[in-house]
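What the coordinates show
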Amino acid sequence: MKYEQLGSYELWGLIQSADQEAYAYIFTSYSDDIFKYGQKFTTDCGLIEDVIQDVFVHLWEIKCSLNIHSSIRFYLFSSFRRELLRRLKVNQKHEVLEDYHSSMAWQDSFQEILIENQITHESSRKISSALDNLSTRQKEAIYLKYIQDLSYDEISELMGIKVPSLYNLVLKGLKSMKQFLTSSDFTAKVIVLFGFISADA
């Protein structure tokens, strides 16, 4: 069966019926992205891996009683974020998102997109500089929207921000980057690539 051709509703139905291949498919499909997302919160890779494993084990254990109303991707990201932050808070020896503000953690994700689309090194450097001007929460919201392709409603629930405030957060971040990049010849290509040009921007 070609699981990649199935929608979330169909895929989740298979998992609820104890289809282990469907379960393995979602693990393979999402675990790497979730791991990269976890690196935005902490440098403790062991902790990230433990949380990912626990999230997937728990998902399998409660599959029959769990109803996923949105996408599987959103459920996994949301469960992972909630559990990771809970453990970081308990441990207190790890950095939480507001403290762990290493720009490289966010830039690596954007760099992958730039390389895939053959953006020049100079463009990549400029994008990295533009990202430095954003707040941590702006980076997270833009990352979830434009790289992980979550909806505003999903990001709102995941980050605990009301949708209007989230719109404002993202819009200010995009305007900041757009303004920072306007003097460069490659600006249009980079902005279009990340979806930064919109009727409201």
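Everything numeric here is computed off the predicted structure, so don't read it as measured data. (Residues numbered from 1 in each chain as written. Predicted model: local features only at pLDDT ≥ 70, side-chain atom pairs only at ≥ 80, totals over all residues. Heavy atoms only, no water.)

Here the focus is the confidence of the model for the protein chain. On average, the protein chain scores 78 in pLDDT, and the residues at 70 or more come to 70%. By mean pLDDT, the top-scoring element of the protein chain is helix α3 (residues 45-61) (95), and the lowest-scoring one is helix α10 (residues 187-193) (53). Long-range and interchain partners of residues 100-104, a stretch whose pLDDT sits below 50, account for 12 contacts in this model, where long-range means more than four residues apart. Below pLDDT 50 for its whole length, residues 196-201 participates in 13 contacts with residues either more than four positions away or in separate chains. (pLDDT = per-residue confidence, 0-100. Helix = DSSP H or I, 4+ residues; strand = E, 2+ residues; numbered from the N terminus. Contact = heavy atoms within 4.5 Å.)

Our next topic: helix α7 (residues 136-147). Side chains of residues three or four places apart in an α-helix project in the same direction, reflecting 3.6 residues per turn. With 12 residues, α7 extends 16 Å between its outermost C-alpha atoms, agreeing within 8% with the 16 Å of an ideal straight helix rising 1.5 Å per residue. If you check which residues of α7 are buried, you get T136, Q138, K139, E140, A141, I142, Y143 and L144. Directly after α7, the chain includes D149, whose backbone phi takes a positive value near 60°. (Expected span 1.5 Å × (residues − 1). Buried < 20%, exposed > 50% of the residue type's maximum accessible area, 1.4 Å probe, protein only.)

Moving on: the packing of helix α1 (residues 8-16) against helix α2 (residues 20-38). Running from N to C, α1 and α2 cross one another at 125°; their axes reach a closest spacing of 7 Å. Put simply, α1 runs oblique to α2. For the crossing formed where α1 meets α2, the hand is left-handed. Contacts between α1 and α2 involve L11, L14 and I15 from the first element and A22, Y23, Y25 and I26 from the second. Here the contact of α1 with α2 is composed, by residue class, of seven nonpolar, no polar and no charged. (Axes fitted to C-alpha atoms, helices over the stretch in contact; angles between N-to-C directions. Parallel < 35°, antiparallel > 145°, perpendicular 65-115°, else oblique. Left-handed = near helix turned anticlockwise from the far one by under 90°. Nonpolar A, V, L, I, M, F, W, Y, C, P; charged D, E, K, R; others polar.)

On to the pattern of salt bridges. In this structure the tally under the stated criterion is five salt bridges. Residue D33 is joined to R73 by a salt bridge in which the shortest nitrogen-to-oxygen separation is 3.6 Å. Here D33 is found in helix α2, whereas its partner R73 is found in helix α4 (residues 72-91), with 40 residues between them in sequence. The shortest N-O distance in the salt bridge between E83 and R87 comes to 2.7 Å. Within this pair, E83 and its partner R87 are both found in helix α4, separated by four residues, close to a single helical turn. Residue class for R87 comes out buried when judged on its relative accessible area of 18%. Here the salt bridges share partners, and the residues they tie into one network are D54, E83, R86 and R87. (Salt bridge = Lys/Arg side-chain N within 4 Å of Asp/Glu carboxyl O.)

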